[in-house]
Amino acid sequence: MRLVDSHAHLDFPQFDADREVVIERAREAGLVAILNVGTDLASSRAAGALADRYDFIYAAVGVHPHDAKTVTPAVLEDLRELARHPKVVAIGEIGLDYYRDLSPRPVQRRVFAQQLALAAELGLPVVVHSREAHDDVLAALQDWQGGGGVLHSYSGGPERLEEVMALGFSIGLSGPVTFRKAHRLRAVAAAAPLDRLLVETDCPYLTPVPYRGRRNEPAYVRYVAEAVARARGVSVEDVARATTENARRLFDWMSNKP
Ligand code: NI
């Protein structure tokens, strides 16, 4: 079974002690690609460095809404430079987070728009974080002239799916879809078109059952795929095949950039 973890943070300090072992376990578990997603300038740089070291690791570069307040024109210039790396396949993670509000909302909106514009200019898809901000996120994507992307760890519920699909976006499902009480997420897993679904870990966070409460890692993406398969009443092989192909199509792993 070939799987893709479409959202990981392997550069985070939680993996400092055993990063190589974790990456080897991912390979043994059948992962054919991992998208390591930057959250600020340093982590975007680290994502590119990891992609240099491992053939099946790719990178997204961007500044998370939590850190929007750190973004200056110079930071955007550095991101543009980092995005030229041949294994940078997306801008992310970018978006809006009105749950934790770690940066002022107007600043989050400005920085989201700036990074959306950068992605459109570079012809890259986006990895979007949206937490309790779905109205503003979808409005920003509505106005965007770029080439698609994914709403990662999708939390918009089944009722927003139609809008997301109309925008041409995919959704990423993660560990919470395995949680006993996550009926809404399983409804999303059942209702989303199979060609718009990605699976992800968001490791080290959002660990799926049966490892909930411990550190997450890319190999556990299979538990997410299994939960999606159960929700849809199909085989996990079908979900693996579709989500792996969807990720390849969206992130265009093999293309060579000029
Ligand atoms: Ni993330």
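Computed from a predicted model, the values in this text were never measured in an experiment. (Residues numbered from 1 in each chain as written. Predicted model: local features only at pLDDT ≥ 70, side-chain atom pairs only at ≥ 80, totals over all residues. Heavy atoms only, no water.)

Examining the coordination of the nickel ion
Inference 1: Taken together, the protein ligands of the nickel ion are His7 (NE2), His9 (NE2), Glu93 (OE) and Asp202 (OD), with distances of 2.1 to 2.3 Å.
Inference 2: Mapping the donors of the nickel ion onto the primary sequence gives the spacing H-x1-H-x83-E-x108-D. Taken as a pair, histidine 7 in strand S1 (residues 3-8) and aspartate 202 in the loop between strand S8 (197-199) and helix H8 (221-232) lie far apart in primary sequence, 195 residues in all. Here histidine 7 matches aspartate 202 in class, with each residue buried. (Donors = N, O, S within 2.8 Å, 3.2 Å for Na, K, Ca; no water. Helix = DSSP H or I, 4+ residues; strand = E, 2+ residues; numbered from the N terminus. Buried < 20%, exposed > 50% of the residue type's maximum accessible area, 1.4 Å probe, protein only.)

So, the environment of glutamate 159
Inference 1: Its place among the elements puts glutamate 159 in the loop between strand S6 (149-151) and helix H6 (161-166).
Inference 2: Each C-alpha atom of the pair glutamate 159 and glycine 92 lies 25 Å from the other, and the pair is 67 residues apart in sequence.

Some details on helix H4 (residues 105-122)
Inference 1: The terminal C-alpha atoms of H4, which comprises 18 residues, lie 26 Å apart, in line with the 26 Å expected from a rise of 1.5 Å per residue.
Inference 2: For H4, the full list of buried residues reads Gln108, Val111, Phe112, Gln115, Leu116, Leu118 and Ala119. Seen end-on, H4 carries its buried residues on one side only, within an arc spanning 160°. Along H4, exposed side chains directed more than 90 degrees from the buried face belong to Pro106 and Glu121.
Inference 3: Elements that come into contact with the buried residues of H4 comprise helix H3 (73-82), strand S4 (88-97), strand S5 (126-131) and helix H5 (134-142). (Expected span 1.5 Å × (residues − 1). Arc of directions from axis to C-beta. Contact = heavy atoms within 4.5 Å.)

So, the pattern of salt bridges
Inference 1: Applying the stated criterion across every chain yields a total of 18 salt bridges.
Inference 2: In this structure, the salt-bridge partner of glutamate 24 is arginine 27, at a minimum N-O distance of 4.0 Å. Within this pair, glutamate 24 and its partner arginine 27 are both found in helix H1 (residues 19-28), separated by 3 residues, close to a single helical turn.
Inference 3: Through salt bridges with shared partners, a single ionic network connects Asp18, Arg25, Arg215 and Glu217. (Salt bridge = Lys/Arg side-chain N within 4 Å of Asp/Glu carboxyl O.)

Points about the packing of aromatic side chains
Inference 1: Applying the stated criterion to the full structure yields 7 aromatic pairs.
Inference 2: Centre to centre, the rings of tyrosine 211 and tyrosine 220 are 4.3 Å apart; their planes meet at 10°, and the pair counts as stacked.
Inference 3: Of the residues examined, tyrosine 220 reaches a relative accessible area of 13% and is grouped as buried.
Inference 4: A relative accessible area of 24% places tyrosine 211 in the partly exposed class.
Inference 5: Among the aromatic residues, those joined into a ring-pair cluster are Tyr58, Phe251 and Trp253.
Inference 6: It is arginine 105 that lies over the ring of tyrosine 98; its NZ or CZ is 4.2 Å from the centre. (Phe/Tyr/Trp six-rings, centres within 6.5 Å; stacked < 30°, edge-to-face > 60°. Lys NZ or Arg CZ within 6 Å of the ring centre and 35° of its normal.)

Regarding the pairing of S4
Inference 1: Among the 10 residues in S4, 10 count as buried, and that is most of the element.
Inference 2: With 3 bridges joining them, strand S3 (residues 57-61) and S4 adopt parallel strand pairing. From the neighbouring strand, valine 61 faces S4, where its bridge partner is isoleucine 91.
Inference 3: Here S4 pairs with S5 via 5 bridges, running parallel. Along S5, the bridge assignment pairs leucine 96 with serine 130.
Inference 4: In this fold, the crossover linking S4 to S5 by way of H4 has right-handed handedness. (Pairing = 2+ DSSP bridges. Right-handed = clockwise from strand over helix to strand, strands pointing away.)

A closer look at the environment of tyrosine 54
Inference 1: As for its position among the elements, tyrosine 54 is in the loop between helix H2 (41-53) and S3.
Inference 2: For the pair formed by tyrosine 54 and glutamate 93, sequence separation is 39 residues and the distance between their alpha carbons is 21 Å.
Inference 3: Those residues within four positions of tyrosine 54 in sequence are excluded, and the remaining contacts are Glu20, Ile23, Arg27 and Lys87.
Inference 4: For tyrosine 54, the side chain forms a polar contact with the side chain of arginine 53, separated by 3.4 Å. (Polar contact = N/O pair within 3.5 Å; in protein donor to acceptor, adjacent residues only side chain to side chain.)

Quick look at the sheet that holds S8
Inference 1: With respect to topology, 8 strands assemble into an open sheet ordered S1-S2-S3-S4-S5-S6-S7-S8, the strand pairing being parallel. Where the open sheet ends on each side, the last strands, each with one partner, are S1 and S8. Taking each pair of neighbouring strands and ignoring which way they run, the sheet shows an average axis angle of 25°.
Inference 2: Relative to the sheet, H2 contacts strand S2 (31-37) and S3, its axis offset from that of S3 by approximately 160°. (Axes fitted to C-alpha atoms, helices over the stretch in contact; angles between N-to-C directions.)

Describing the packing of helix H7 (residues 183-191) against H8
The relative placement of two packed helices is expressed as an angle between their axes plus a distance between the axes.
Inference 1: In the contact formed by H7 and H8, the axes pass within 8 Å of each other and the chain directions differ by 75°. Of the possible angle classes, the one that applies to H7 and H8 is roughly perpendicular. Here Arg186, Ala189 and Ala190 of H7 lie close against H8, whose contacting residues are Val228, Ala231 and Arg232.
Inference 2: Of the residues belonging to the contact of H7 with H8, the class tally is 4 nonpolar, no polar and 2 charged. (Parallel < 35°, antiparallel > 145°, perpendicular 65-115°, else oblique. Nonpolar A, V, L, I, M, F, W, Y, C, P; charged D, E, K, R; others polar.)

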